[in-house]
Amino acid sequence: MTTLIVYESLYGNTAEIAEAIAAGVRNSGQQVQTVGTDTAPTEIPGEVTLLVVGGPTHAFSMSREQTRSDAADHGAAVVNTGLREWIDRVSPRADLPVITFDTRVKVPLLPGSAAKAADKVLHRRGFEHAARGESFWVADTDGPLKPGEIERATHWGEGLISLVERDA
Ligand SMILES: Cc1cc2nc3c(=O)[nH]c(=O)nc-3n(C[C@H](O)[C@H](O)[C@H](O)COP(=O)(O)O)c2cc1C
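These lines cover the structure that appears in this document, whether it is placed above or below. Here the structure is a predicted model, which means the values were calculated and not measured. (Residues numbered from 1 in each chain as written. Predicted model: local features only at pLDDT ≥ 70, side-chain atom pairs only at ≥ 80, totals over all residues. Heavy atoms only, no water.)

### What to know about the site of the ligand
Logical step 1: Taken together, the neighbourhood of the ligand is formed by 19 residues, with Ser9, Asn13, Thr14, Thr103 and Thr141 sitting nearest.
Logical step 2: The contact in question runs from an oxygen atom of the ligand to an N or O atom on the side chain of Asn13, over 2.7 Å.
Logical step 3: One of the backbone nitrogen or oxygen atoms of Phe60 is found 2.8 Å away from an oxygen atom of the ligand.
Logical step 4: The fraction of the free accessible surface of the ligand (630 Å²) that becomes covered by protein chains is 89%.
Logical step 5: Looking at the shell around the ligand, the elements with two or more residues in it are helix 1 (13–27), helix 2 (65–73) and strand 4 (98–105).
Logical step 6: The greatest single-element share of the shell around the ligand, amounting to three residues, is contributed by strand 4. (Near = heavy atom within 4 Å. Polar contact = N/O pair within 3.5 Å; in protein donor to acceptor, adjacent residues only side chain to side chain. Areas by Shrake-Rupley, 256 points an atom, 1.4 Å probe, with all protein chains shown as cover. Helix = DSSP H or I, 4+ residues; strand = E, 2+ residues; numbered from the N terminus.)

Here is the structure:
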């Protein structure tokens, strides 16, 4: 069993969550690799049995070139291939379990989730076993993560294996 975690992160918060999820997957005895969307492969290696994808919520959805450029103007890292673009380019594997996650700001009545949008587009692209996963909370646009979110992500990572086994 090998899990591949593909993430987008402009201010580092989603990257921290990706690493925390990876630690949880490792705790459950599975192999895991994390990679940013800028360098993630568009052919998923054959040994990957679970794909986890995540990114920041921008304008109620996954980021776009314009939202990333706005963020870069405010000190964020430059990301050329966002999660949306990576999902558009990756070769679909219909039978591969995929689970999404995102980071977002917890504001009452603020709708929209990159995890939800990613799930929808993955299905459209032919990933028939994609599912929406968790949202993790940041205190503000550039972070930090809300207290307890790293631990929650690790715990969630520990449980991912059971989701795959349940679907098998
Ligand atoms: C241009 C832009 C638009 C955003 N729009 C939303 C939004 O609609 N909803 C939300 O919860 N957070 C929004 N945010 C906050 C991001 O979710 C937050 O920056 C992100 O979770 C941080 O992750 P990162 O450090 O990995 O980039 C936005 C941030 C930026 C830069």
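Resuming the write-up.
### Here's the deal with helix 2
Logical step 1: Three or more residues of helix 2 are buried, namely Thr67, Arg68 and Ala71. Summarising the axial view, the buried residues of helix 2 lie within an arc of 100 degrees, below the 170-degree limit, and thus occupy one face. Among the exposed residues of helix 2, those oriented more than 90 degrees off its buried face are Glu65, Gln66 and Asp73.
Logical step 2: One or two steps after helix 2, the chain reaches Gly75, where phi turns positive at roughly 95 degrees. (Buried < 20%, exposed > 50% of the residue type's maximum accessible area, 1.4 Å probe, protein only. Arc of directions from axis to C-beta.)

### Some points on a positive patch on the surface
Logical step 1: Side chains of Lys116, Lys120, Arg124 and Arg132 sit close together on the surface and give a patch of like positive charge.
Logical step 2: Mapped onto the elements of the fold, Lys120 is located in helix 4 (residues 114–125).
Logical step 3: With a relative accessible area of 57%, Lys120 lands in the exposed category. (Patch = residues over 30% accessible without salt bridge, like charges linked within 9 Å, V, L, I, M, F, W, Y side chains within 5 Å. Salt bridge = Lys/Arg side-chain N within 4 Å of Asp/Glu carboxyl O. Lys, Arg positive; Asp, Glu negative; His and termini not counted. Charge placed at Lys NZ, Arg CZ, Asp CG, Glu CD.)

### Considering the environment of Ile99
Logical step 1: Topologically, Ile99 is positioned in strand 4.
Logical step 2: Residue classification places Ile99 among the buried positions, given a relative accessible area of 9%.
Logical step 3: Residues Ile99 and Val52 lie 47 residues apart in sequence; the distance between their C-alpha atoms is 4.9 Å.

### Quick word on the packing of aromatic side chains
Logical step 1: The final tally for this structure, using the stated rule, is three aromatic pairs.
Logical step 2: Ring plane angle 75 degrees and centroid distance 6.4 Å describe the contact between Phe101 and Phe136, whose orientation is recorded as edge-to-face. A residue pair is termed long-range when its members are at least 10 positions apart, and Phe101 in strand 4 and Phe136 in strand 5 (residues 130–138) qualify at 35 residues.
Logical step 3: Take Phe136: its relative accessible area is 0%, and that puts it in the buried class.
Logical step 4: When the centroid spacing of 6.5 Å and the interplanar angle of 65 degrees are considered together, the rings of Phe101 and Trp156 count as edge-to-face. (Phe/Tyr/Trp six-rings, centres within 6.5 Å; stacked < 30°, edge-to-face > 60°.)

### Structural notes on the nonpolar core
Logical step 1: In this structure, Leu51 and Trp86 are the most contacted members of the largest nonpolar core, which totals 22 residues.
Logical step 2: Secondary structure elements with two or more residues in this core: strand 1 (2–7), strand 3 (48–56), helix 3 (83–89) and helix 4.
Logical step 3: The greatest single-element share of this core, amounting to five residues, is contributed by helix 4.
Logical step 4: Those residues in contact with Leu51 that sit more than four places away from it in its chain are Leu4, Val6, Ile44, Trp86, Leu96, Pro97, Val98, Ile99 and Phe127.
Logical step 5: Counting residues in each nonpolar core, the second largest holds 21 residues, with Ala22, Phe136, Ala153 and Val164 among its members. (Core = buried A, V, L, I, M, F, W, Y, C linked by side-chain atoms within 4.5 Å. Contact = heavy atoms within 4.5 Å.)

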